[in-house]
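Read off the chains here:
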Amino acid sequence: MKMAEMAGEEDLESGLPKWQVIGFLIRLAVQFHTFGAPAHRVEYNMVEAAAAFGISTVSVAVTPTMMMITFGEPDSPKAFSRVVRCSQTLVQSEKLYLIDQLIDDISARRLDFEDARKRLDEIVAMPPRFPVWAKILAGAVSSGACAPLFFGGAWIEMLVSTLIGLIVIFFDWIGDSHPMFGLISDIFSGIIASVLAVILNSTVGACFGGIVLSGLVWLLPGITLTLAVRELATRNLIAGTTRMFSAFMTSLKLGFGIAIGTALPFWLTTPLKTACDPNMISPWFTIVFFMCVVCGFNVLLDAHFHQWPGMIFVSAIAYAVSDIGALYLP
């Protein structure tokens, strides 16, 4: 049965065909979710946008891989639902911001239907803010800077982590165009990182733990865990629990790859050095390393330049709290 038949042929009070508005709202919800919005934001914003177009009753249920939208009262014979399969991949900060602004303009009645639909098409069609080579370079730089910033690594750990970060982002890019490889790319990244770390640990005394964690920092499920906690806190239990388990599985795959890579150089018997020697690099470099990490992540998240100051400020507060807490809390 066609959407127009299920929704009813009547127009809305605004004079717009109801089925066109419903199709637009479904697409808007899917794109908002795909670009990285948490479940509670999608549900609330879709209700507001629907009300602006004259649809008073909308119910949205969101999980990381599926969305169900119901239009109309549950007991009405004209009510109907749509189930949409939509995968939320990496957060795309600029497009997420633009979609959020679009929904705000729709809710405030600053845009008519045609302008809203045109702007959504423009946002979806936008190319990435940064080219692939810039993202690969940003991933390498941020991984390299993580070694001395978070793990106390020396120059050798920083150089090796940079190389591993380059490989990790390259694998991630291949996984975007080859989804089947993308499912196991984090395992291969873990293997390569740990093999290199074991070899350098045995030959030059490099820090195994600092190299592996810094090189794989982009694959660590920090964003996934953050979204999971937000969704659990807002009582989106299915979405939050699913996302939390997804983060656990990502960690499990990384650990599996690290375990295999650690065992591959079986002829090397030097004990693994899990902690780096402190103060190997002057603390005056801390600001430089911090900016390398944050700016690299901003590039990888496709953030517009006007978003950078806020992201840097919030990251600086988080780093300061973490650093002070490590010094003064047991």
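Just above, that's the structure.
Residue indices follow the written sequence of each chain, beginning from 1 at its first position. Restriction of local features to residues with pLDDT of at least 70 applies here, the model being predicted, together with a cutoff of 80 or more for giving and counting side-chain atom pairs; totals for whole chains, interfaces and linings are based on all residues. Think of the side-chain values as coming from all heavy atoms in the structure, minus any hydrogens and water.

### A look at the packing of helix α11 (residues 222–233) against helix α12 (residues 237–263)
Working step 1: Note on geometry: axes are C-alpha line fits, over the in-contact stretch for helices, and angles between N-to-C directions span 0 to 180 degrees. Secondary structure elements are taken from DSSP: a helix is a run of H or I of four residues or more, a strand is a run of E of two residues or more, and numbering for both begins at the N terminus. Running from amino to carboxyl end, α11 crosses α12 at an angle of 155°, the nearest separation of the two axes being 8 Å. By the angle between their directions, the pair α11 and α12 is classed as roughly antiparallel. Considering the relative orientation of α11 and α12, their crossing is left-handed. Contacts from T224, L225, L227, A228, V229, E231 and L232 in α11 reach L237, A239, G240, T241, R243, M244 and A247 in α12.
Working step 2: In this classification, Asp, Glu, Lys and Arg are treated as charged, Ala, Val, Leu, Ile, Met, Phe, Trp, Tyr, Cys and Pro as nonpolar, and every other residue, Gly included, as polar. Of the residues that constitute the contact of α11 with α12, the class distribution is nine nonpolar, three polar and two charged. The cut-offs work like this: below 35 degrees is roughly parallel, past 145 is roughly antiparallel, 65 to 115 is roughly perpendicular, and the gaps in between are oblique. The hand of a helix crossing depends on one turn: near helix anticlockwise from the far one by less than a right angle means left-handed, and clockwise means right-handed. Any pair of residues with heavy atoms lying within 4.5 Å of one another is described as a contacting pair.

### Points about the environment of G215
Working step 1: With respect to the helices and strands, G215 occurs in helix α10 (residues 208–215).
Working step 2: Burial classes: relative accessible area under 20% of the type maximum marks a residue as buried, over 50% as exposed, and values in between as partly exposed (1.4 Å probe, protein chains only). Since its relative accessible area comes to 1%, G215 is described here as buried.
Working step 3: Through-space distance from the C-alpha of G215 to that of C146 is 8.2 Å; in sequence the pair is 69 residues apart.
Working step 4: Not counting residues within four places of it along the chain, the set of residues in contact with G215 comprises S143, S161, I164, G165 and V168.

### Observations concerning α12
Working step 1: Any helix carries an expected span of 1.5 Å times its number of residues minus one. Along its 27 residues, α12 runs 39 Å from first to last C-alpha, staying within 8% of the 39 Å computed at 1.5 Å per residue.
Working step 2: Among the residues making up α12, those that are buried are A239, G240, R243, A247, T250, L254, G257 and G261.
Working step 3: Elements that come into contact with the buried residues of α12 comprise α3 (39–52), β1 (58–63), α9 (185–203) and α11.

### Description of the side chain of D186
Working step 1: Counting through the fold element by element, D186 comes out in helix α9.
Working step 2: Given a relative accessible area of 9%, D186 falls into the buried group.
Working step 3: With sequence-adjacent residues up to four places away left out, D186 is seen in contact with L219, T250, K253 and L254.

### With respect to the environment of V124
Working step 1: Among the secondary structure elements, V124 is positioned in helix α5 (residues 113–125).
Working step 2: Residue V124 is classed as partly exposed on the basis of its relative accessible area, which comes to 26%.
Working step 3: Contact partners of V124, with chain neighbours within four places excluded, come to R27, Q31 and K95.

### As for the pattern of salt bridges
Working step 1: Salt bridges are defined by distance alone: a side-chain nitrogen of Lys or Arg within 4 Å of a carboxyl oxygen of Asp or Glu. On inspection of all chains with the given rule, the structure shows nine salt bridges.
Working step 2: A salt bridge links D105 to R119, with the shortest nitrogen-to-oxygen separation between them at 2.9 Å. Of the two residues, D105 is situated in helix α4 (residues 93–107) and R119 in helix α5; the sequence distance between them amounts to 14 residues.
Working step 3: Taking relative accessible area as the criterion, D105 reaches 13% and is therefore assigned buried.

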